[in-house]
Amino acid sequence: MSGSLISYVVSYAGFILEAGLLVYLVGSGHAKRFWELVFYLSMSLGVGVARTYTLHYEGFASRQYGYCYWITDLMLVLAAFVLVVSFFRRACFANREMWQFVRMLLAAVIVAIAVISYFSLASHNDNFFSFFIVEFSQNLYFASLVLTTLLYLMTLKMEISDERLSMIVCGLGIEFAGPAAGLALVYLTNVGWVSAYISVYFVPLCDIGMILTWLYAISRVPGAAKVPSHRIGASPAFARGNISNF
């Protein structure tokens, strides 16, 4: 089997799995409960269609495809950040004070990334907008990876033990961590074929891993359950709020 055929199989397998999970969420009546996943999957499928259409009619080396790729990449990163924010909200369901602090922290993160990206590219006056999109997307991507790691650790310490939420966060971590490690490898090796190999094979495989993890979490893993206070050392003051139905 040739390399190009393998890349097509891997790419289209990801599209099919995303579409299948979206249909499952809508058909099983879980769309409202998992609205974040519906939003992200719809965005990802729309991005795939837009890129395929532009590639077919404009060509890989065209300026139009370059703009399409990086703008849709920004849209995907922002959609993933929305996922992270919503999962933090679920993790803080029983503690409103913590959620208010986390919400301010997340807002400060995205503002700081925008400011850092702007000043780091102040010299690119000729094509500032394009450079800013690329820089902002990459910075937000790595920040989302760090936030996802913190979110997973947070789910392990929650008074509400939510195995489903933890596994869904793990799936998102696969989506972030795989390409992030690949990008780090590209910067370290500075070899062109490494970048091509990662974008063609590794990134789609990480996407497939995330979708399969989400599908298992939604269909097989139980939702939230109260953790006994003696297990977490919590006092009654931390037991405010209802148990999430996620």
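All of these numbers come straight from a predicted model, not from anything done at the bench.

1. Some thoughts on the overall build of the protein chain
Thought 1: In terms of helices and strands, the protein chain carries eight helices and two strands.
Thought 2: The secondary structure elements of the protein chain, listed N-terminal to C-terminal, are α-α-α-α-α-β-α-α-β-α.
Thought 3: Out of the 246 residues in the protein chain, the part that is buried amounts to 40%.
Thought 4: The contacts of the protein chain with a sequence gap of at least 6 include a subset with a gap of at least 24, amounting to 74%.
Thought 5: When the accessible surface of the protein chain is summed, it comes to about 13,800 Å², and 68% of that surface belongs to carbon and sulfur atoms.

2. Section: the confidence of the model for the protein chain
Thought 1: Looking at the protein chain, pLDDT values average 80 and 78% of them are 70 or higher.
Thought 2: Confidence, read as mean pLDDT per element, is least for helix H8 (residues 229-232) in the protein chain (42) and greatest for helix H2 (residues 35-58) (91).

3. So, a nonpolar patch on the surface
Thought 1: On the surface, Val 146, Leu 150, Tyr 152, Leu 153 and Leu 156 cluster together into a nonpolar patch covering about 450 Å² of accessible area.
Thought 2: Structurally, Leu 150 can be placed in helix H5 (residues 128-157).
Thought 3: Owing to a relative accessible area of 47%, Leu 150 belongs among the partly exposed residues under this scheme.

4. Points about the environment of Thr 155
Thought 1: With respect to the helices and strands, the residue Thr 155 is situated in helix H5.
Thought 2: Taking the relative accessible area as the measure of exposure, Thr 155 reaches 4% and is therefore buried.
Thought 3: Once you skip the residues sitting within four places of it in the chain, Thr 155 turns out to touch Leu 165 and Ser 166.
Thought 4: Among the polar contacts made by the side chain of Thr 155, one reaches the main-chain carbonyl oxygen of Tyr 152 at a distance of 2.5 Å.
Thought 5: In this structure the side chain of Thr 155 is engaged in a polar contact, spanning 3.2 Å, whose partner is the side chain of Ser 166.

5. Topic: helix H4 (residues 96-120)
Thought 1: When the terminal C-alpha atoms of H4 are compared, their 36 Å separation across 25 residues agrees well with the 36 Å that a helix rising 1.5 Å per residue should span.
Thought 2: Inspection of H4 places Trp 99, Val 102, Leu 106, Val 109, Ile 113 and Ser 117 among the buried residues, and these make up the whole buried set.

6. What about the pattern of salt bridges?
Side-chain pairing between opposite charges can occur once the charged atoms of the two side chains come close.
Thought 1: Per the stated rule, a full pass over the model turns up one salt bridge.
Thought 2: The partner of Glu 36 in a salt bridge is Arg 90, and the shortest N-O contact between them spans 2.8 Å. With Glu 36 in helix H2 and Arg 90 in helix H3 (residues 63-91), the pair connects residues that are 54 residues apart, well separated along the chain.
Thought 3: Assessed through its relative accessible area of 17%, Arg 90 is described here as buried.

7. Considering the environment of Asp 207
Thought 1: Summarising the element assignment, Asp 207 is placed in helix H7 (residues 192-220).
Thought 2: Distance from Asp 207 to Ser 11, taken between C-alpha atoms, is 9.2 Å for residues 196 residues apart in sequence.
Thought 3: Those residues in contact with Asp 207, other than ones at most four positions away along the chain, are Gly 14, Glu 18 and Glu 175.

8. Observations regarding the packing of aromatic side chains
Thought 1: The tally for this structure, following the rule as stated, stands at eight aromatic pairs.
Thought 2: Considering the side-chain rings of Tyr 65 and Tyr 69, the 6.3 Å spacing of their centres and the 45° angle between planes classify their relative orientation as tilted. Note that Tyr 65 and Tyr 69 are positioned in helix H3 at a spacing of four residues, about one turn of the helix.
Thought 3: According to the relative accessible area criterion, Tyr 65 is buried, its value standing at 11%.
Thought 4: Taking the relative accessible area as the measure of exposure, Tyr 69 reaches 29% and is therefore partly exposed.

9. Details of the nonpolar core
Thought 1: With 48 residues, the main nonpolar core has Leu 37, Phe 87, Phe 88 and Trp 214 as its most contacted residues.
Thought 2: Among the elements of the structure, helix H1 (3-27), H2, H3, H4, H5, helix H6 (163-189) and H7 are those that each provide at least two residues to this core.
Thought 3: The leading source of residues in this core is H3, at 11 residues.

10. Some details on H2
Thought 1: Look at H2: 34 Å from first C-alpha to last across 24 residues, which is about the 34 Å you get at 1.5 Å a residue.
Thought 2: Those residues of H2 not exposed but buried are Glu 36, Leu 37, Val 38, Tyr 40, Leu 41, Met 43, Ser 44, Leu 45, Val 47, Gly 48, Arg 51 and Thr 54.
Thought 3: Gly 59 lies just past H2 and shows a positive phi near 95°.

11. What about the packing of H3 against H4?
Thought 1: Relative to each other, H3 and H4 sit at 165°, their axes nearing to 10 Å. In terms of orientation, H3 and H4 fall into the roughly antiparallel class. Pair H3 / H4 crosses with right-handed handedness. Contacts between H3 and H4 involve Leu 78, Phe 81, Val 85, Phe 88 and Arg 89 on the former and, on the latter, Trp 99, Val 102, Leu 106 and Ile 110.
Thought 2: Among the residues forming the contact of H3 with H4, the class breakdown is eight nonpolar, no polar and one charged.

Cut-off values and rules
Residues numbered from 1 in each chain as written. Predicted model: local features only at pLDDT ≥ 70, side-chain atom pairs only at ≥ 80, totals over all residues. Heavy atoms only, no water. Helix = DSSP H or I, 4+ residues; strand = E, 2+ residues; numbered from the N terminus. Buried < 20%, exposed > 50% of the residue type's maximum accessible area, 1.4 Å probe, protein only. Contact = heavy atoms within 4.5 Å. Areas by Shrake-Rupley, 256 points an atom, 1.4 Å probe, with all protein chains shown as cover. pLDDT = per-residue confidence, 0-100. Patch = residues over 30% accessible without salt bridge, like charges linked within 9 Å, V, L, I, M, F, W, Y side chains within 5 Å. Salt bridge = Lys/Arg side-chain N within 4 Å of Asp/Glu carboxyl O. Polar contact = N/O pair within 3.5 Å; in protein donor to acceptor, adjacent residues only side chain to side chain. Expected span 1.5 Å × (residues − 1). Phe/Tyr/Trp six-rings, centres within 6.5 Å; stacked < 30°, edge-to-face > 60°. Core = buried A, V, L, I, M, F, W, Y, C linked by side-chain atoms within 4.5 Å. Axes fitted to C-alpha atoms, helices over the stretch in contact; angles between N-to-C directions. Parallel < 35°, antiparallel > 145°, perpendicular 65-115°, else oblique. Left-handed = near helix turned anticlockwise from the far one by under 90°. Nonpolar A, V, L, I, M, F, W, Y, C, P; charged D, E, K, R; others polar.

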